Protein chains: 2
Amino acid sequence: MPPVAPSSNPEAEVLLANESFYRAFSQGDLRSMSKLWAHLTTVTCFHPGMQALVGREAVMRSWSRLLRRRPEVPLRCLDPRVQLLGDTAIVTCYEGADQNPAHLAATNVYVRENLEWKMVHHHAGPIEHPVTPRKPSSGWN
Amino acid sequence: MPPVAPSSNPEAEVLLANESFYRAFSQGDLRSMSKLWAHLTTVTCFHPGMQALVGREAVMRSWSRLLRRRPEVPLRCLDPRVQLLGDTAIVTCYEGADQNPAHLAATNVYVRENLEWKMVHHHAGPIEHPVTPRKPSSGWN
């Protein structure tokens, strides 16, 4: 499929990419996870409490292990915020299991590759006071 | 001072900016910390275990509290790695107190504002297995 024209709403596009990250995780969908991560840029990942994974091979190996079985509960994204920096975007949000208060803070960085937003960095780590959703969530964010 | 010409080594420039972040923290130097954070872009910050701070005012208020007294030991940066994405750069590294093993993973994002690299996002969170410096460190990284 040829690249589509640049969107007039890149923030919305980034939020969709971010949503697809949590959907791929929640559905144990390694193929979508692989498609989401950048191919043309070196990627890095800090899973909660873990040391850095550097490079697509190491990062995808970790997802292959983590998504071997579909997670029992979905991982939800709460309060995503986009900082748009040209063709790069930072999303900050909280992550929680299902409808429980979110217990992780996350930084997700995306770049535009062939006009599609792709993840180049993920960092999730614990927070002391879990964040409660303001309203019941029906989707992945 | 007028902006300087673009450097032929942006990775080195980003590492210098990253070094100045840890130096400002270690010296309790709020003025340098304020200078380092972006002025033209919305900034965000996850201090270890804490919820998101959004906007320059909230972020600088937190540094003002944190740096009220010069920290007793320097905060050291270990194994910094730069992902250069045009005028944006992600630095991943570990943070530790003085010569102790590093107990935090950090994501620091910089953008070029008027040809100077400025911090737009900081996320530090605990890691389960602290990282030991490969060799004694004499500086901030």
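Just so we're clear, the structure is a prediction, and the values are computed from it rather than from any experiment.

*Asks:* How would you sum up the sheet that holds strand S3 (residues 75-85) of chain B? Please name residues and give values.
*Replies:* Residues and elements named next belong to chain B. Here 6 strands make up an open sheet; going across it, the order is S2-S1-S6-S5-S4-S3 and the pairing mixed. Each edge of the sheet is formed by a strand with only one pairing partner; in this case those strands are strand S2 (53-54) and S3. For strand S1 (residues 44-46) and strand S6 (residues 116-131), the ladder comprises 3 bridges, and the chain directions are parallel. Across the sheet, the residue bridging to Phe-46 is His-123, located in S6.

*Asks:* Tell me what's going on with the relation of the copies chain B and chain A, and back it up with residues and numbers.
*Replies:* At an RMSD of 0.0 Å, chain B and chain A line up after a rotation of 180° and a shift of 0.0 Å along the axis. Such a combination of rotation and displacement between the chain copies is what one expects of a two-fold axis. When C-alpha positions in chain B are compared against the rotation axis, the closest is assigned to B:Gly125, at 2.7 Å. The residues that chain B uses at the interface reappear at the interface of chain A in 100% of cases, marking a shared surface.

*Asks:* Got a sec to walk through the confidence of the model for chain A? Specific residues and values, please.
*Replies:* Averaged over all residues, the pLDDT of chain A equals 91, while 90% of them reach at least 70. Note on the complex model: pTM 0.91, ipTM 0.91.

*Asks:* Describe the sheet that holds strand S3 (residues 75-85) of chain A, with residues and values.
*Replies:* All names here are of chain A. If you trace the 6 strands from one edge of the open sheet to the other, you get S2-S1-S6-S5-S4-S3, paired in mixed fashion. Strands with a single pairing partner mark the edges of an open sheet, and in this sheet they are strand S2 (53-54) and S3. Its contacts with the sheet place helix H1 (residues 10-26) against S3, strand S4 (88-97), strand S5 (102-113) and strand S6 (116-131), and it is angled at close to 150° to S3.

*Asks:* Describe the side chain of B:Thr92, naming the residues involved and giving the relevant values.
*Replies:* Locating B:Thr92 in the fold gives a position in strand S4 (residues 88-97). Excluding anything up to four places from it in sequence, B:Thr92 contacts A:Thr44, A:Phe46, A:His121, B:Asp79, B:Pro80, B:Arg81, B:Gln83, B:Ala106 and B:Thr107.

*Asks:* Outline the environment of A:Asp98, supporting the account with residue identities and numerical values.
*Replies:* Turning to its location among the elements, A:Asp98 is positioned in the loop between S4 and S5. Setting aside residues up to four positions removed in sequence, A:Asp98 forms contacts with A:Val73, A:Pro74 and A:Arg76.

Reading the values: the criteria
All chains use their own residue numbering, which begins from 1 and follows the written sequence. Chains and ligands are labelled by the order in which they are written, letters from A for the one and numbers from 1 for the other. Only residues with pLDDT of at least 70 are given local features in this predicted model, and only at 80 or more are side-chain atom pairs given and counted; all residues enter the totals for whole chains, interfaces and linings. Side-chain descriptors were evaluated using all non-hydrogen atoms of the structure, hydrogens and water having been removed beforehand. Note on pairing: DSSP must find at least two bridges between two strands before they are called paired. Helix and strand labels come from DSSP, where a helix needs a run of H or I of at least four residues and a strand needs a run of E of at least two; each type is numbered from the N terminus. For the least-squares superposition of copies, only C-alpha atoms count, and only for residues with pLDDT at least 70 in both. It only takes one pair of heavy atoms within 4.5 Å for two residues to be counted as in contact. pLDDT gives the predictor's per-residue confidence on a scale running from 0 to 100. Working convention: axes come from line fits to C-alpha atoms, limited for helices to the stretch in contact. Angles between N-to-C directions cover 0 to 180 degrees.

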